[in-house]
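Secondary and tertiary structure notes
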Amino acid sequence: MENKVIDRFRFRAWNTMTKTMKEIAQLTFDEDVVQSVNYKENKTTMHILYQKHIILMQSTGLHAMENKLLYAGDLIRSPYDMELIKLVYWNQKETRFMCYMNDFMQCGLYQDDITKYKFEIVGNIFENWNWFRESKAEIDKIIDKYIWEGWEKKFGGENNER
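A brief look at the structure comes next.

Procedures and definitions
Along each chain, numbering runs from 1 in the same order as the chain's sequence is written. The model is predicted, so local features are restricted to residues of pLDDT at least 70 and side-chain atom pairs to those at 80 or more, both for listing and for counting; the totals for chains, interfaces and linings are taken over all residues. Water and hydrogen atoms play no part in the side-chain values, which are based on all heavy atoms of the structure. Take a side-chain nitrogen of Lys or Arg and a carboxyl oxygen of Asp or Glu: if they are within 4 Å of each other, that pair is a salt bridge. For helices the rule is a DSSP run of H or I covering at least 4 residues; for strands it is a run of E covering at least 2, with both sets numbered from the N terminus onward. Only protein chains enter the accessibility calculation, which uses a 1.4 Å probe. A residue is then buried if its area is under 20% of the maximum for its type, exposed if over 50%, and partly exposed in between. We define the nonpolar core as a collection of buried residues of types Ala, Val, Leu, Ile, Met, Phe, Trp, Tyr and Cys that are connected through side-chain atoms lying within 4.5 Å of one another. Only heavy atoms enter the contact rule, under which two residues are in contact if any of them lie within 4.5 Å.

Applying the stated rule across the entire model yields three salt bridges. Between Arg12 and Asp74 there is a salt bridge, with its nearest N and O atoms 2.4 Å apart. Note that Arg12 is positioned in strand β1 (residues 11-15) and Asp74 in strand β7 (residues 74-78), a separation of 62 residues in sequence. As far as burial versus exposure is concerned, Arg12 and Asp74 are alike and both buried. A salt bridge links Arg96 to Glu94; the nearest nitrogen and oxygen atoms lie 2.7 Å apart.

This part takes up the nonpolar core. Judged by nonpolar contacts, the single largest core of 26 residues is most densely connected at Leu70, Ile76, Leu109, Ile114 and Phe126. Elements supplying a minimum of two residues to this core: β5 (54-63), β7, β8 (81-91), β9 (96-102) and α3 (136-155). For this core, the leading source of residues is β8, giving five residues. Phe11, Ile24, Val34 and Ile54 belong to the second-largest nonpolar core, a separate cluster that totals seven residues.

Glancing now at the environment of Lys86. Here Lys86 is to be found in strand β8. By relative accessible area, which is 12% here, Lys86 ends up buried. Residues Lys86 and Leu75 lie 11 residues apart in sequence; the distance between their C-alpha atoms is 5.5 Å. When residues no more than four places from it in sequence are discounted, the contact partners of Lys86 are Asp74, Leu75, Ile76, Cys99, Tyr100, Met101, Cys107 and Phe119.

Right, here's the structure in full:
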């Protein structure tokens, strides 16, 4: 139970300048700075990211196949329906994480369903937007509506650059 609580408060960030994903080690909102961490070969490297250049993605606290942690912005699919890719996002109105399939189909996100239908993470909306049938312009609108807008409401990112 303790790990699930810790997992729920993990973050990663999409750096809009370098187009890279970073794991977040520390959030410091009062200084407009976020510290990311890179663990490689027993060497830890810290990076300073400025809030106006990142989109934060919070962990859902849920795990997909191979016990991989799910974040807002992840793309998931089930082996039972390989064609249907779902976007994980925070729904501010319902105050919970949900899955976006298209403008007419969204659904709740529950660990029992993730386990039962063997959902796997196949990428994220920033690096793998081409998994959707929509054009890049339409994907940008989806990001604005389902990722960016939720981030702004949770963390106050109205001055951020994309």
